[in-house]
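Residue-level structural notes
So the chains spell out like this:
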Amino acid sequence: MAKEFKMSQKRFDELKSELDYSKTVRADEIAELIKEARGFGDLSENSEYDEAKNEQGKLYSRIAELEEILLHAVIVDESETDSNSISIGCVVTVTNLETGKTMPAYKIVGSQEADVMSRAVSEDSPFGKALMGAKVGAEVSVDAPRGVIRYRVERIER
């Protein structure tokens, strides 16, 4: 069975737009680059041609990846989840039990939406897995490279 990719409708639409752009505009741009590079002569020593073909290979790889993701996408309706426990779409605040420090809020998202810089944590990450299904006041353990870290769920927001 293929892996499911859980995501919001917004992320699905973003990936669909990227796929459409890649198959049309970007593919045409790269085809034009290859055509121009062919005009520079001998292809065996033509770095412009080699670079354009590499770009084409990367584009085709990304198109295949996007098609696979979209084919197995599962849209998560955040309004239909249990409001008392953590699920995709929740913003969660936790306290590190070892240090007593309350961490900044994290949003739990599908794997295709994870972004560490904006504090969007994948449900497939060790931290996300530990939090999924937990309720306010629950203590969870996260297996981290430096050992097990324990947290207490302080707040869940939708």
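The structure reproduced in this document is the subject of the present report. For clarity, every value in this text was computed on a predicted model and none was experimentally measured.

**Here's the deal with the nonpolar core**
Generally speaking, nonpolar side chains in soluble globular proteins are found buried as a group. By size, the foremost hydrophobic cluster in this structure holds 18 residues, and its most contacted members are Ile-86, Val-92, Val-94, Phe-127, Leu-131, Tyr-151 and Val-153. Sorting the residues of this core by element identifies β3 (91-96), β4 (106-109), α3 (126-131), β6 (139-144) and β7 (147-157) as the ones contributing at least two each. For this core, the leading source of residues is β7, giving 4 residues. Setting aside its immediate chain neighbours within four residues, Val-94 contacts Lys-101, Thr-102, Met-103, Phe-127, Leu-131, Tyr-151, Arg-152, Val-153 and Glu-154. The next biggest cluster of nonpolar side chains, apart from the first, holds 14 residues, and it includes Leu-15, Ile-34, Ala-37 and Ala-52.

**So, unusual backbone geometry**
Even without being a glycine, Arg-119 presents a positive backbone phi close to 60 degrees. In this structure, Arg-119 sits in the loop between β4 and β5 (120-122).

**What about the sheet that holds β4?**
Strands in a sheet are paired, the pairing made by backbone hydrogen bonds, and the direction either parallel or antiparallel. The strand order across the open sheet formed by 5 strands is β5-β4-β3-β7-β6, and the pairing between neighbours is mixed. What marks the edges here is a single partner per strand, and that holds for β5 and β6. Neighbour-to-neighbour, the strand axes of this sheet turn through a mean angle of 45 degrees, independent of strand direction. As paired strands, β6 and β7 are joined by 6 bridges and run antiparallel to one another. Looking at the pairing, Asp-143 lines up with Val-148 of β7.

**Let's talk about the pairing of β3**
Counting buried positions along β3 gives 5 out of 6 residues, so the element sits mostly inside the fold. Here 6 bridges tie β3 to β7, and the two strands are oriented antiparallel to one another. Bridged to Val-92 within β7 is Ile-156.

**Overview of the side chain of Glu-123**
Take Glu-123: it is sitting in the loop between β5 and α3. Looking at Glu-123, the relative accessible area reads 11%, which means it is buried. For Glu-123, the residues in contact, after removing those within four places along its chain, are Lys-6, Ile-88, Ile-108, Val-109, Gly-110, Gly-128, Lys-129 and Met-132.

**Here we look at the environment of Ala-52**
Turning to its location among the elements, Ala-52 is positioned in helix α2 (residues 47-71). Taking relative accessible area as the criterion, Ala-52 reaches 4% and is therefore assigned buried. Sequence separation between Ala-52 and Ala-27 is 25 residues; the distance between their C-alpha atoms is 11 Å.

Definitions and limits used
Residues numbered from 1 in each chain as written. Predicted model: local features only at pLDDT ≥ 70, side-chain atom pairs only at ≥ 80, totals over all residues. Heavy atoms only, no water. Core = buried A, V, L, I, M, F, W, Y, C linked by side-chain atoms within 4.5 Å. Buried < 20%, exposed > 50% of the residue type's maximum accessible area, 1.4 Å probe, protein only. Helix = DSSP H or I, 4+ residues; strand = E, 2+ residues; numbered from the N terminus. Contact = heavy atoms within 4.5 Å. Pairing = 2+ DSSP bridges. Axes fitted to C-alpha atoms, helices over the stretch in contact; angles between N-to-C directions.

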